[in-house]
Amino acid sequence: MTRIRARLFLAPVVALTATAALSAGSVASSYEVTPSGGPLTQGNYRIAETRIQTRLDLNAGQTPENIVVEPDGSTDVSFAKGRQVAHIAKDGSARVLATLPRPAGGDHAPGTGFPATTGIARTADGTLYVNYSSGDASLTGVWRLRPGKAAERIVALTADSLPNGLAIDERGGQVYISDSKLKTVWSAPLAGGTAQKWVTDQLLASVSSFGANGLKLHNGALWVSNFDQGLIVRVPVTAYGAAGAVTVRARNLPGVDDFAFTDVGDELLVTLNPANQVDLVREDGFHTAVLTSVDGLQNPAAIALQGRNVYVANAAFSTGKNPNVLLGRLVSGTGGTYSIGTGLSPRERANAEAAIAVFDGLLNQHTVRQTVERYLDARSFIQHNPDGPDGRDAVVTTLEPVVKQFPDASLDITRITTQGDLVVTQGLFKLNPDDRGTVEEDTLRFNDAGKVVEHWDVKQAVAETSANGHPQV
């Protein structure tokens, strides 16, 4: 009884050996687990092998706001508070390429209160383009930085604009700029010239701080994030280069800053700046966390991909510590050494993957606090086990001593089934290899953000004998 009371939240899957899936029926779906590896498929990948490539100096204004990857894997970043463009070598060393002039009238840029270099992009010849929001009509706009030459402004924008995201269409010879204050995406000739309002829409408007933010060209459309409204929107580019209708592709992403496409359909990775989180957003708009502050995120402002390599720029605007560039890699599978088979809807798959990751982290990997912070909702977690109080902090205080006392504890999950926002797992929990074990069934309920908000469990000790000869699990 002491053992069972100690474990208020059962878990894990380092050894998903059995694959006896439950019948799906009309309202529930089940899956088998198979070894991971191979190509990335919809919803069946994660970010692994994370490390901090370079730590930056907050006091020197080295707050990386946006990032672009060079062909050799080095990066170029905009240091917002430093008004700079810098190159970060693969060894992590940073070199300033340009510092844009400070406005003569003082620091009063819209939105930020300080002049800031923001979006950055690169053309095939190595030329860099960067947005500058200064509050000064003589400086605000798009600046060009050719290799070995001084920076020059090529597109002027009004003093009340806040140019943020930047996207380049080299074939069409156009540059696009998202404006976080004027609910607008601007367009201008890539060679330089007059900016035109390409699209203006309420879905691009700010509410309290920043509206249209990140900006990417993808599959014949401009995609834009809206920081205040928590949206990802899509704007088709017509055959004549005009803007089509603005439509919402994902919601409930508060503080969404930048994003990058994974090349798996229209799935993308988004940075949630205030939440210190990177989410994977699926084609149906469902999203789930793949990186958090546990991985080193400090107000992630930008994300970029080169092949399977992931680069995250952490500006530390509000955390006030450890601005950095973090590296990771997209790998197939959902955690541990397993991935999920076919037959699930994107949301069912995401919830099932998260359930695997929760259980794997809590008891198999014994990374209790990190797992709880990543997957359990911070505002509301309801616990139905009578031995445990509500709230995710109780899971940490209860489980950390258990896994410390029993370092060989593990759970061999044999079945998982999904129904709506619920995931049910069944498996055999052991405190050590010699333990006969306990059959566990855990039910997790997920909210729309992919966080666990409720937990039920039932347990049955493995009997020495059986009247029917059938296994209990």
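Residues numbered from 1 in each chain as written. Predicted model: local features only at pLDDT ≥ 70, side-chain atom pairs only at ≥ 80, totals over all residues. Heavy atoms only, no water.

1. Looking at helix α3 (residues 368-375)
Considered for burial, the residues of α3 that qualify are Val368, Thr371, Val372, Arg374 and Tyr375. The inward-facing, buried residues of α3 abut β23 (287-291), α2 (346-364), α4 (392-405) and β32 (452-461). (Buried < 20%, exposed > 50% of the residue type's maximum accessible area, 1.4 Å probe, protein only. Helix = DSSP H or I, 4+ residues; strand = E, 2+ residues; numbered from the N terminus. Contact = heavy atoms within 4.5 Å.)

2. Focus: the sheet that holds strand β25 (residues 309-314)
Read from one edge to the other, the open sheet built from four strands follows the order β3-β26-β25-β24, with strand pairing classed as antiparallel. Every other strand in the sheet has two partners, leaving β3 (45-55) and β24 (300-306) as the edge strands with one partner each. Strand-to-strand twist of the sheet, defined as the mean angle between neighbouring strand axes without regard to direction, takes the value 25 degrees. The pairing of β3 with strand β26 (residues 324-332) spans eight bridges and is antiparallel. Considered in β26, the bridge of Tyr45 is made with Ser332. (Pairing = 2+ DSSP bridges. Axes fitted to C-alpha atoms, helices over the stretch in contact; angles between N-to-C directions.)

3. Details of the nonpolar core
With 27 residues, the main nonpolar core has Val368, Val372, Leu376, Phe446 and Val452 as its most contacted residues. Looking at this core, the elements that each hand over two or more residues are α2, α3, α4, β29 (410-419), β30 (422-430) and β31 (438-446). The element contributing the most residues to this core is α2, with eight residues. If we ignore the near neighbours within four places in the chain, the residues touching Val372 are Leu362, Arg392, Val395 and Val396. (Core = buried A, V, L, I, M, F, W, Y, C linked by side-chain atoms within 4.5 Å.)

4. Describing the packing of aromatic side chains
Considering all chains together, one arrives at five aromatic pairs under this definition. Ring geometry for Phe210 versus Phe227: centroids 5.6 Å apart, planes at 90 degrees, classification edge-to-face. Of the two residues, Phe210 sits in the loop between β15 (196-200) and β16 (212-218) while Phe227 sits in the loop between β17 (221-226) and β18 (231-236), which places them 17 residues apart along the sequence. Both residues of the pair, Phe210 and Phe227, belong to the buried class. Measuring from centroid to centroid gives 5.0 Å for Trp223 and Phe261, while their planes differ by 80 degrees, and the two rings are edge-to-face. With a gap of 38 residues between them, Trp223 in strand β17 and Phe261 in strand β20 (residues 256-261) connect regions that are remote in the sequence. This pair shows no difference in class: Trp223 is buried, exactly as Phe261 is. These aromatic residues form a ring-pair network of at least three members: Trp223, Phe259 and Phe261. The cationic tip of Lys216 hangs over the ring face of Phe259; the distance from NZ or CZ to the ring centre is 5.2 Å. (Phe/Tyr/Trp six-rings, centres within 6.5 Å; stacked < 30°, edge-to-face > 60°. Lys NZ or Arg CZ within 6 Å of the ring centre and 35° of its normal.)

5. Side note on the pairing of β23
For β23, the buried fraction is high: five of the five residues fall into the buried class. Two successive antiparallel strands, strand β22 (residues 277-281) and β23, enclose a turn made up of five residues, where Gly285 displays a positive phi of approximately 90 degrees.

6. Regarding the packing of α3 against α4
At their nearest, the axes of α3 and α4 sit 9 Å apart, and the two run at 155 degrees to each other. Between α3 and α4, the angle is such that the two are roughly antiparallel. The chirality of how α3 crosses α4 is right-handed. Between α3 and α4, the residues in contact are Val368, Arg369, Val372 and Glu373 and Arg392, Val395, Val396, Leu399, Glu400 and Val403, respectively. (Parallel < 35°, antiparallel > 145°, perpendicular 65-115°, else oblique. Left-handed = near helix turned anticlockwise from the far one by under 90°.)

7. Here we look at the packing of α2 against α3
If you want to describe how two helices pack, look at the angle between their axes and the distance between the axes. Their axes nearest at 8 Å, the elements α2 and α3 cross at an angle of 160 degrees. As summarised for this structure, α2 and α3 are arranged roughly antiparallel, according to the angle between their axes. In this structure, α2 meets α3 at a crossing whose hand is left-handed. Contacts between α2 and α3 involve Ala354, Ala357, Val358, Gly361 and Leu362 on the former and, on the latter, Val368, Thr371, Val372 and Tyr375. Its residues assigned to classes, the contact of α2 with α3 comprises seven nonpolar, two polar and no charged. (Nonpolar A, V, L, I, M, F, W, Y, C, P; charged D, E, K, R; others polar.)

8. Topic: the sheet that holds strand β10 (residues 141-145)
The strands making up a sheet associate through hydrogen bonds between their backbones, and the pairing can be parallel or antiparallel. Read across the open sheet, the four strands follow the order β8-β9-β10-β11; overall the sheet is antiparallel. Edge positions in the sheet fall to β8 (116-122) and β11 (152-156), since each has one partner strand and no second. Geometrically, the sheet is characterised by an average inter-axis angle of 30 degrees between neighbouring strands, direction not taken into account. Direction of pairing for β8 relative to strand β9 (residues 128-133): antiparallel, over a ladder of five bridges. Its bridge partner lying in β9, Ala116 is registered against Ser133.

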